Amino acid sequence: MAQNLTASQRVALARHSGRPGPMDYIQGLFTDLFEQRGDRLFGDDSAIFGGIACYHGQSVTVLCTRKGKTLEENLKMHFGMPEPEGYRKAQRIMEQAEKFGRPILTFVDTSGAYPGLEAEERGQADAIAKSLALMSRLTVPMVTVICGEGGSGGALALAMGNRVLMLENAVYSVLSPEGFASILWKDSSRMEEACEVMKLTAADLLELGAIDEIIPEPEDPEELPERLRLVDAAIQKHLDAVKRLKDPARHRREKFAAMGRAWLRGGTV
Amino acid sequence: MSQQFENRRERFLKLRLWRKSSEVPFSPKPGLDPLFEKCPQCDQAVSRLDWNKGLNVCPGCGLHRPVTAYQRLSMLLDSGTFREFNASLVGRDPLRFPGYKEKLKDLRLRTGLSEAVVTATGKISGFPVVIGVMDSRFIMASMGVAVGEKIARAALLAKRRRLPLILFCASGGARMQEGILSLMQMAKTASAIEEFRRAGGLYISYLTNPTTGGVSASFAMLGDITLAEPGALIGFAGPRVIEQTIGQKLPEGFQRAEFLMEHGFVDAVVPRGEMKNTLVQLLRLHSQRR
């Protein structure tokens, strides 16, 4: 395990092209995978994958962001940045999970929602807001794994799990470090500095209470079998725990409502 | 008893804040016209009196200049009905972000606000409401933990008292200085609004310039009724980021209130002069008990 990495080194690792992505976990951990496509409104965004699969003998709904393997795929999927259709597809699939009582497992690796002209025209903000509202009331258990990058609302729109797990070298932040530096200091080249002050590593987030557990990673950033074993063990443990919850929707609402409260003071109502 | 004490403490804290803010010496900029102020859009000289009477809307070109939270509230609420709650609710500095504490302190002195949103109860033409107004002078009204909590508590109060909820949104998005915890406020506010709406509450979201980022992608876009001020910039990504992504200039009017209405995301674009009447109309239409 890599212990003494700086935050910007972890960002580099999280973005490393050979690093196993969400699709590798989905293909490695699930059997009987059936992909569901399209949002039934406008189109299909392949930057989000969704479907039904079997996980240790149980049907589950799986959702993830994906960046694609070839350059052609990369471009089509905007390197893992979903369009509104992607989020609306995810909503459709989550509603179905609710209907059939399937637990939901989500895997996140995206630098954010796609900031394009058409994406705005078709309501990127609306799509993300609706996803958040939907996840706050889903009555089926939900577990999220942040596998690589988790950036901004585009990541959160798939990441409101009852448990949020994070790989050791993954990062999760309010905005990409480049965007952060550009907004705050009008200078995107100060990205390394941004990485340090943003508190975006798994250890930072655990301390801030934004995630529930860190999944350790093997030394080799491209190694897969050992990773799969570790991720599998973590998901199983937490899925078992959240399946025992009486009211997963309420648990999720209260969990996210509590975030940051430790840093508040004052107030009357 | 403890509630009374809390109220008193809150008033006291506010008074102290005001007293401090009045200590900041007022010095008019040299060369500033005491009677007229030019419209930044059409360059027409408009008397300060007309700016005031016209709710900060330019009589020439209709530009809606920003108004502060308390100005907005005074335009809307019946006199004597305004009761602010959670005025003393503030956040701290979870990331120990360089310079953030000082920035908050400075802004509190200069604006008299404790945070970027004011939440209150009050009456609009006799209709009781819970109302929240964001103030863009406070770090672009960005949403940190305190803002998220105030919005969520406003929704909770509206649910408990079975009152309509009106939120005037204006924000650059999540507050960078509070990092991931700001992002989580999107989940918190969206949950609270959803719970309120599912309990049968009426939520009117009024989008003002600008409503972007994490605020537009959470509670701002979840209104039962969504209104917008003319010309307000509304979107998820900012125009500069989009231009960088697609490598070309954006068309005129892109992401403006009218554009959003045309694309189906806003019920009506309502000029400030009609704001109160429109809200009263909506409140009246929702006032019949089922």
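Here the structure is a predicted model, which is why all the values come from computation and not from measurement.

What counts and what doesn't
- Residues numbered from 1 in each chain as written.
- Chains lettered and ligands numbered in written order.
- Predicted model: local features only at pLDDT ≥ 70, side-chain atom pairs only at ≥ 80, totals over all residues.
- Contact = placed C-beta atoms within 7 Å.
- Helix = DSSP H or I, 4+ residues; strand = E, 2+ residues; numbered from the N terminus.
- Nonpolar A, V, L, I, M, F, W, Y, C, P; charged D, E, K, R; others polar.
- Pairing = 2+ DSSP bridges.
- Core = buried A, V, L, I, M, F, W, Y, C linked by C-beta atoms within 7 Å.
- Buried ≥ 20, exposed ≤ 12 C-beta atoms within 10 Å, placed from the backbone.
- Domains from an automatic or database assignment.
- Expected span 1.5 Å × (residues − 1).
- Arc of directions from axis to C-beta.
- Axes fitted to C-alpha atoms, helices over the stretch in contact; angles between N-to-C directions.
- Parallel < 35°, antiparallel > 145°, perpendicular 65-115°, else oblique.
- Left-handed = near helix turned anticlockwise from the far one by under 90°.

### With respect to the interface of chain A and chain B
At step 1: Each partner contributes residues to the interface: chain A has 46 residues there, and chain B has 55 residues.
At step 2: Looking at which element gives the most residues to the side of chain A that touches chain B, the answer is helix H6 (residues 124-135) of chain A, with seven residues.
At step 3: Residues of the side of chain A that touches chain B, tallied by class, amount to 27 nonpolar, eleven polar and eight charged.
At step 4: One ladder, built from two bridges, connects strand E9 (residues 264-265) of chain A with strand E4 (residues 90-91) of chain B; its direction is antiparallel. Its bridge partner lying in E4(B), Leu264(A) is registered against Gly91(B).

### Quick word on the nonpolar core
At step 1: In terms of nonpolar packing, the biggest core is built from 153 residues, with Ile128(A), Leu132(A), Ile146(A) and Met166(A) touching the most fellow members.
At step 2: Take this core: its biggest share by element is ten residues, from helix H6 (residues 179-198) of chain B.

### Quick notes on the domain arrangement of chain B
Residues and elements named next belong to chain B.
At step 1: By domain assignment, chain B separates into domain 1 (32-65) and domain 2 (66-285).
At step 2: Put simply, the middle of domain 1 and the middle of domain 2, counted by C-alpha atoms, are 25 Å apart.
At step 3: On the side of domain 2, nine residues touch domain 1, which itself brings seven residues to the contact.
At step 4: Considered class by class, the residues forming the side of domain 1 that touches domain 2 number three nonpolar, three polar and one charged.

### Comments concerning helix H10 (residues 272-285) of chain B
Residues and elements named next belong to chain B.
At step 1: Under the 1.5 Å per step criterion, the end-to-end length of H10 is 20 Å for 14 residues, consistent within 8% with the ideal 20 Å.
At step 2: If you check which residues of H10 are buried, you get Leu279, Leu282 and Leu283. All buried residues of H10 fall inside an arc of 95 degrees around its axis, so they share one side. Exposed residues on H10 whose side chains face more than 90 degrees from its buried face are Asn277, Gln281, Arg284 and Leu285.
At step 3: Structurally, H10 contributes buried residues whose contacts are with strand E5 (117-124), strand E6 (127-134), strand E7 (165-171), strand E8 (203-211) and strand E9 (225-228).

### What to know about the pairing of strand E6 (residues 163-167) of chain A
For a regular strand, the rule is simple: side chains alternate between the two faces of the sheet.
Residues and elements named next belong to chain A.
At step 1: Most of E6 sits inside the fold, with five of its five residues counted as buried.
At step 2: The alternating pattern of E6 places Arg163, Leu165 and Leu167 on one face and Val164 and Met166 on the opposite face, and all of these are buried.
At step 3: Here E6 pairs with strand E8 (residues 213-215) via three bridges, running parallel. Bridging from a neighbouring strand, Leu165 pairs with Glu213 of E8.

### A look at unusual backbone geometry
All names here are of chain B.
At step 1: Cis geometry is found at the peptide bond from Asn209 to Pro210, where omega equals -15 degrees.
At step 2: Relative to the elements of secondary structure, Pro210 occurs in strand E8.
At step 3: Residue Asn86 is not a glycine yet carries a positive backbone phi of 60 degrees.
At step 4: Inspection of the secondary structure assignment puts Asn86 in the loop between strand E3 (83-85) and E4.
At step 5: One non-glycine residue with positive phi stands out, namely Arg96, at about 50 degrees.
At step 6: One can find Arg96 in the loop between E4 and helix H4 (100-111).

### Regarding the packing of helix H2 (residues 22-29) of chain A against helix H11 (residues 225-243) of chain A
Residues and elements named next belong to chain A.
At step 1: Where H2 meets H11, the closest approach of the two axes is 10 Å, and the angle between their N-to-C directions is 75 degrees. The orientation of H2 with respect to H11, classified from their angle, is roughly perpendicular. Mapping the contact onto sequence places Tyr25, Gly28 and Leu29 in H2 and Leu228, Val231 and Asp232 in H11.
At step 2: Its residues placed into classes, the contact of H2 with H11 shows four nonpolar, one polar and one charged.

### A look at the packing of helix H4 (residues 84-100) of chain A against H6(A)
All names here are of chain A.
At step 1: Running from amino to carboxyl end, H4 crosses H6 at an angle of 20 degrees, the nearest separation of the two axes being 8 Å. When the interaxial angle is binned, H4 and H6 end up roughly parallel. Our pair here, H4 against H6, has a crossing hand that is left-handed. Touching Pro84, Tyr87, Arg88, Ala90, Gln91 and Met94 of H4 are Gln124, Ala127, Ile128, Lys130, Ser131 and Leu134, all from H6.
At step 2: When the residues that make up the contact of H4 with H6 are grouped by side-chain class, the tally is seven nonpolar, three polar and two charged.

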